[in-house]
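Summary of the model geometry
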Amino acid sequence: MVSKDMLRYGTVRSCIRELFEYGKQRSSVVGKENVYDFSIGNPSVPAPEEVNQTIRNIIDEMPSTAIHGYTSGPGSNETRAAIADNLNERFGTDYKFSDLYMTAGAAAALTAVFRALTIDDKTEFIAFAPFFTEYSCFATTAGAKLTTIPPDIPAFQINFDLLEKSINANTQGVIVNSPNNPSGVIYTEETIKKLAALLKKKSAEVGHPIFIISDEPYRELVYEGTVPFIPHYYSNTIICYSYSKSLSLPGERIGYALVPGSVEDHDEVYNAIAGAGRVLGYVCAPSLMQHVIARCANVKPDLKPYIANRELIHNGLTEIGYNCAKPSGAFYLFMEAPNGDAKSFSDMAKQSDLLIVPGNDFGCSSYVRISYCVDHDMIKRSLPVFKKLMEKIRG
Ligand code: PLP
């Protein structure tokens, strides 16, 4: 009667959502202060005041029909020009408003890009573990196959031997997510240069471009080092960006796909993304938020609370004896499960109302993800619980 796939996606929650819902239910039983919920990546820093003030100004200044009406499918020219100006200033590029396609967040940008690049049922995309769990359903429901490359433990860069073996004539794109969810790692310039060189070689071999699809919701959340701007290294890069995390607006659904002028057959690629947006029924990105971004494209996030949380959780866990690298960006810490098995470790933690996500769904079954975009005080209160857990494991 209905699509089995859609039914499954609609009824079986992701592991993250499962833990998040469990946390809410436990809070109502044992009290919110006794549940240590590190499950979900909802920004804990409020949206910048400029954003809130801009929303008020827009409501006061603009006619309601203009605020809430449809924009053109690719988005308002003013918004796209403001974003292009921001990128050009920061990265020395010469992007035009017409290179940008506004979307309801990075998720919509990714689904449109996968759909646009899927030629037939042999099409393949490649992702590196650990990866954002939704890539799999986004790619497969576009009609493609998602090939995943096992994690490069413990550096979480790229296993190039396996990547090279996985590329074939059907490979249309490689997904890069740096700063990474869930590892918090930033791909080094060396990694990006190697990736670019390999993809150039392989594109020539297979006779068509293999795109880099750069998924960048965490671009602005950087605490150490810099994030190489991938179009500088590889011309066939399509960026999927989001304001969900940088401006703490995840529920407002605003982001974009950027097809730089350097992309081969630029207009064809751009128009196919627009076509995908159309058939997926996106119509246009949320209008009020487009007006906000037109005025707030240069607003920067307040990183201080995340930096304080990162110090506290990383130092605290390391002192207890947990093995975890200090994340360079995003707001996740990826920690080795001390018993070697993420699932059973996460289950053990759950018994103490400590909610951490096993890495299995991210393609890494020996690590757990700790989202530290939480109340600072909760981290403090959780450390004795992490300590008891470690004692239990050590016997
Ligand atoms: N990509 C990654 C790596 C993410 O972590 C997320 C959200 O958590 C998304 C994409 C989707 O973000 P958005 O809210 O912009 O759709």
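Residues numbered from 1 in each chain as written. Predicted model: local features only at pLDDT ≥ 70, side-chain atom pairs only at ≥ 80, totals over all residues. Heavy atoms only, no water.

**Quick word on the overall build of the protein**
This is how the line gets drawn: By definition, any uninterrupted DSSP run of H or I lasting at least four residues is a helix, any uninterrupted run of E lasting at least two residues is a strand, and each is numbered from the N terminus. Each radius of gyration is computed over the set of C-alpha atoms, and the globule rule expresses the reference value as 2.2 Å times the number of residues to the power 0.38. Exposure categories follow from relative accessible area, calculated using a 1.4 Å probe and restricted to protein chains: below 20% of the type maximum is buried, above 50% is exposed, and the middle band is partly exposed.
In terms of regular secondary structure, the protein is built from 14 helices and 12 strands. Computed over its C-alpha atoms, the radius of gyration of the protein comes to 21 Å, within 12% of the 21 Å expected for a compact globule of 395 residues. Taken along the three principal axes of its C-alpha coordinates, the protein extends 60 × 55 × 50 Å. The buried share of the protein, reckoned over its 395 residues, is 54%.

**As for helix α7 (residues 134–141)**
Those residues of α7 that fall on the buried side of the exposure criterion are Tyr-135, Cys-137, Phe-138 and Ala-139. At the C-terminal side of α7, Gly-143 shows a positive phi close to 105 degrees.

**Remarks on the packing of helix α13 (residues 342–351) against helix α14 (residues 376–394)**
Short version of the rule: Structural elements are reduced to axes, namely lines fitted to C-alpha atoms, with helices fitted over the stretch in contact, and the angle between N-to-C directions of any two is expressed from 0 to 180 degrees. An angle below 35 degrees is read as roughly parallel, one above 145 as roughly antiparallel, one from 65 to 115 as roughly perpendicular, and any other as oblique. The handedness criterion is simple: a crossing whose near helix is rotated anticlockwise from the far helix by less than a right angle is left-handed, and one whose near helix is rotated clockwise is right-handed. The contact criterion used is simple: two residues touch if any of their non-hydrogen atoms lie within 4.5 Å.
Running from amino to carboxyl end, α13 crosses α14 at an angle of 125 degrees, the nearest separation of the two axes being 10 Å. Judged on the interaxial angle alone, α14 and α13 are oblique. Considering only the axes of α13 and α14, their crossing is right-handed. Two secondary-structure elements touch here, α13 through Phe-345, Met-348 and Ala-349 and α14 through Leu-389, Lys-392 and Ile-393.

**Digging into the pattern of salt bridges**
We apply this condition: Any Lys or Arg side-chain nitrogen found within 4 Å of a carboxyl oxygen on Asp or Glu counts as a salt bridge.
One pass over the full model with this rule turns up 18 salt bridges. Between Glu-311 and Lys-326 there is a salt bridge whose closest N-O contact spans 2.9 Å. Taken as a pair, Glu-311 in helix α12 (residues 304–320) and Lys-326 in the loop between α12 and β9 (332–336) lie far apart in primary sequence, 15 residues in all. By relative accessible area, which is 28% here, Glu-311 ends up partly exposed.

**Remarks on the site of the ligand**
Selection rule: Any residue with a heavy atom positioned within 4 Å of a molecule or strand is treated as near that molecule or strand. Here a polar contact means two N or O atoms within 3.5 Å. Within protein one must be a hydrogen donor candidate and the other an acceptor candidate, and residues neighboring in sequence count only if both atoms are side-chain atoms. Using the Shrake-Rupley algorithm and a 1.4 Å probe, accessible areas are obtained, with residue cover drawn only from the displayed protein chains. The method works on a 1 Å grid over the protein atoms by themselves. A cavity is a set of points holding a 1.4 Å probe that cannot get out, a pocket is an open set with protein on both sides within 12 Å along at least five of seven lines, and residues with an atom within 4 Å of a point line them. Put plainly, a molecule is in a cavity or pocket when over half of its atoms are within 2 Å of the grid points there. Any residue that is not Ala, Val, Leu, Ile, Met, Phe, Trp, Tyr, Cys, Pro, Asp, Glu, Lys or Arg is counted as polar, Gly included; the first ten are nonpolar and the last four charged.
Residues in close proximity to the ligand total 14 residues, the closest being Ala-106, Asp-215, Tyr-218, Ser-242 and Arg-253. Within the side chain of Ser-244, a nitrogen or oxygen atom sits 2.8 Å from an oxygen atom of the ligand. Contact with the protein chains hides 92% of the accessible area of the ligand, taken as 400 Å² for the molecule alone. In this structure the site holding the ligand corresponds to the largest pocket. With three residues, helix α6 (residues 105–117) is the largest single contributor of residues to the shell around the ligand. Per-class residue counts for the shell around the ligand are six nonpolar, five polar and three charged.

**Points about the sheet that holds strand β11 (residues 357–358)**
The condition is simple: Here, a strand pair is defined by DSSP locating no fewer than two bridges between the strands.
Strand order across the open sheet formed by three strands is β9-β12-β11, with antiparallel pairing between neighbours. Every interior strand has two partners, whereas the edge strands, β9 and β11, have only one. The strands touched by α12 within the sheet are β9 and β12 (367–371), with β9 carrying the most contacts at an inclination of about 10 degrees.

**Quick notes on helix α2 (residues 15–30)**
How we decide: An expected span of 1.5 Å times one less than the residue number is assigned to each helix. Arc definition: directions from the helix axis to the C-beta atoms.
Given a rise of 1.5 Å per residue, 16 residues ought to cover 22 Å, and the 22 Å separating the end C-alpha atoms of α2 matches this to within 8%. Among the residues of α2, Cys-15, Ile-16, Leu-19, Phe-20, Gly-23 and Ser-27 are the ones counted as buried. With its buried residues spanning 135 degrees around the axis, α2 presents them on a single face. Across from the buried face of α2, at angles greater than 90 degrees, the exposed residues are Ser-28 and Val-29. Those residues of α2 that are buried are in contact with β1 (36–37), α13, β10 (354–355), β11 and β12. Phi for Gly-31, located one or two positions after α2, is positive at around 95 degrees.

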